[in-house]
Amino acid sequence: MKFHKGEFVSLEGKNNKTFLTYSNGYVFVGKNLTLKCLFDPKDKWMQYALKQKIKYCRIIKKEVKGENRFYVQLILEGNPYRKYELGKEEIGLDIGPSTIAIVGESKAELKEFCEEVALLDKEKRRINRKMDRQRRANNPNNFQNNGVVKKGKKEWIYSNRYIHTRSKHREMERKIKDVRKQLHGRDTNQILQRASSIQTEKLSYKAFQKLFGKSIGRKAPSMFLSILKQKMKSCGGKFREFPTYCTKLSQTCHCGIIKKKPLKERWHECECGVVAQRDLYSAFLARYVTKSNHVDIKKAKGDWVQLSIVLGECVLHLEKMKLERKLISTFGI
Ligand SMILES: [Zn+2]
């Protein structure tokens, strides 16, 4: 079967008995076409999935490195595969536009969101600028003197070089999407393995974007949270988001004092003597937010002796990484 570009998007069967069917590693289309499927024999999830009853299947086209690839999707009956056992800790999270703080009884972490994506993104923007230059060079008559595209109907000439750059750009977009998905998967799993429950502030995507602009799309913290939520729930763990405006975590100290701090202030330093890195401290407090959206001050106080050590260890670790120049964000360290 030959598929031409743009002609074929997807094909879906009504059940696994008629036109499009799957059986033992092969897809059968109609009476005459048999396609062999490639898959990773070590993939445990796949092994589990292939034992389930198939409702119907679907063929999807994707462009990879400028070539068309075809994927078969099986729509199954049965229960989802559980890869992970939940942990035992109550975890508090503090998610910023580019950072995440994770605090549990035994360990605190503070890291840059999807660090690896930032580098790819830089490369993508470079390719994008190249594409733009080529497009302008090929079509000088389509632009006004000030560089803005002319209005009205235009013919565009696409050189082979431009088409090559465009395909590289698409490839990069696909790669970024894949890497981000992988990183989100890895990071959410790490949290899952420690957590029996998770508490965090509800993200205000709009407020984020207002303050920090484009970096949000790249690192996609809201996507991260929705993956975490979904996994946590499918494993039977607790996941709760509380509204920011009720709790005011960034202004609260567990001694009871509430004081407004400027955003650039990276440390929580209270009159009562409590000192902690701000994101870590917010994640610590997130653990004590009650159902009525207040911080359980008494409980937080009781745990602080132990948790202040845990937070301190995290800061020591970051200081060491900073000395070894392994940090992108400084987190105020
Ligand atoms: Zn205080």
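To be clear, the structure that these remarks concern was listed above.
Residues numbered from 1 in each chain as written. Predicted model: local features only at pLDDT ≥ 70, side-chain atom pairs only at ≥ 80, totals over all residues. Heavy atoms only, no water.

Describe helix 6 (residues 221-234), listing the residues and the values that go with them.
Given 3.6 residues per turn, any residue in an α-helix points the same way as the ones three and four places further on. Under the 1.5 Å per step criterion, the end-to-end length of helix 6 is 20 Å for 14 residues, consistent within 8% with the ideal 20 Å. Buried within helix 6 are the following residues: Pro221, Phe224, Leu225, Ile227, Leu228, Lys231 and Met232. Buried residues of helix 6, seen end-on, are gathered within an arc of 160° and therefore sit on one face of the element. Phi turns positive, to about 85°, at Gly236, one or two residues after helix 6. (Helix = DSSP H or I, 4+ residues; strand = E, 2+ residues; numbered from the N terminus. Expected span 1.5 Å × (residues − 1). Buried < 20%, exposed > 50% of the residue type's maximum accessible area, 1.4 Å probe, protein only. Arc of directions from axis to C-beta.)

Can you explain the packing of helix 2 (residues 115-138) against helix 3 (residues 160-194)? Please cite residues and give values.
Between two packed helices, both the angle of their axes relative to each other and the distance between the axes serve to describe the pair. In the contact formed by helix 2 and helix 3, the axes pass within 9 Å of each other and the chain directions differ by 160°. By the angle class used here, helix 2 and helix 3 are roughly antiparallel. Here helix 2 runs over helix 3; the crossing is left-handed. (Axes fitted to C-alpha atoms, helices over the stretch in contact; angles between N-to-C directions. Parallel < 35°, antiparallel > 145°, perpendicular 65-115°, else oblique. Left-handed = near helix turned anticlockwise from the far one by under 90°.)

Would you mind going over the coordination of the zinc ion in detail, with residue names and values included?
Binding of the zinc ion to the protein goes through Cys253 (SG), Cys255 (SG), Cys270 (SG) and Cys272 (SG), at separations of 2.2 to 2.3 Å. One way to put it: the four donor atoms around the zinc ion meet at angles of 105 to 115°, and that makes the site tetrahedral. One chain supplies every donor for the zinc ion, spaced along it as C-x1-C-x14-C-x1-C. Residue Cys255 is found in the loop between helix 7 (244-247) and strand 12 (267-269), and its partner Cys270 is found in the loop between strand 12 and strand 13 (275-277); the two are separated by 15 residues along the sequence. (Donors = N, O, S within 2.8 Å, 3.2 Å for Na, K, Ca; no water. Tetrahedral: all angles 85-135°; square planar, octahedral: opposite > 155°, others 65-115°.)

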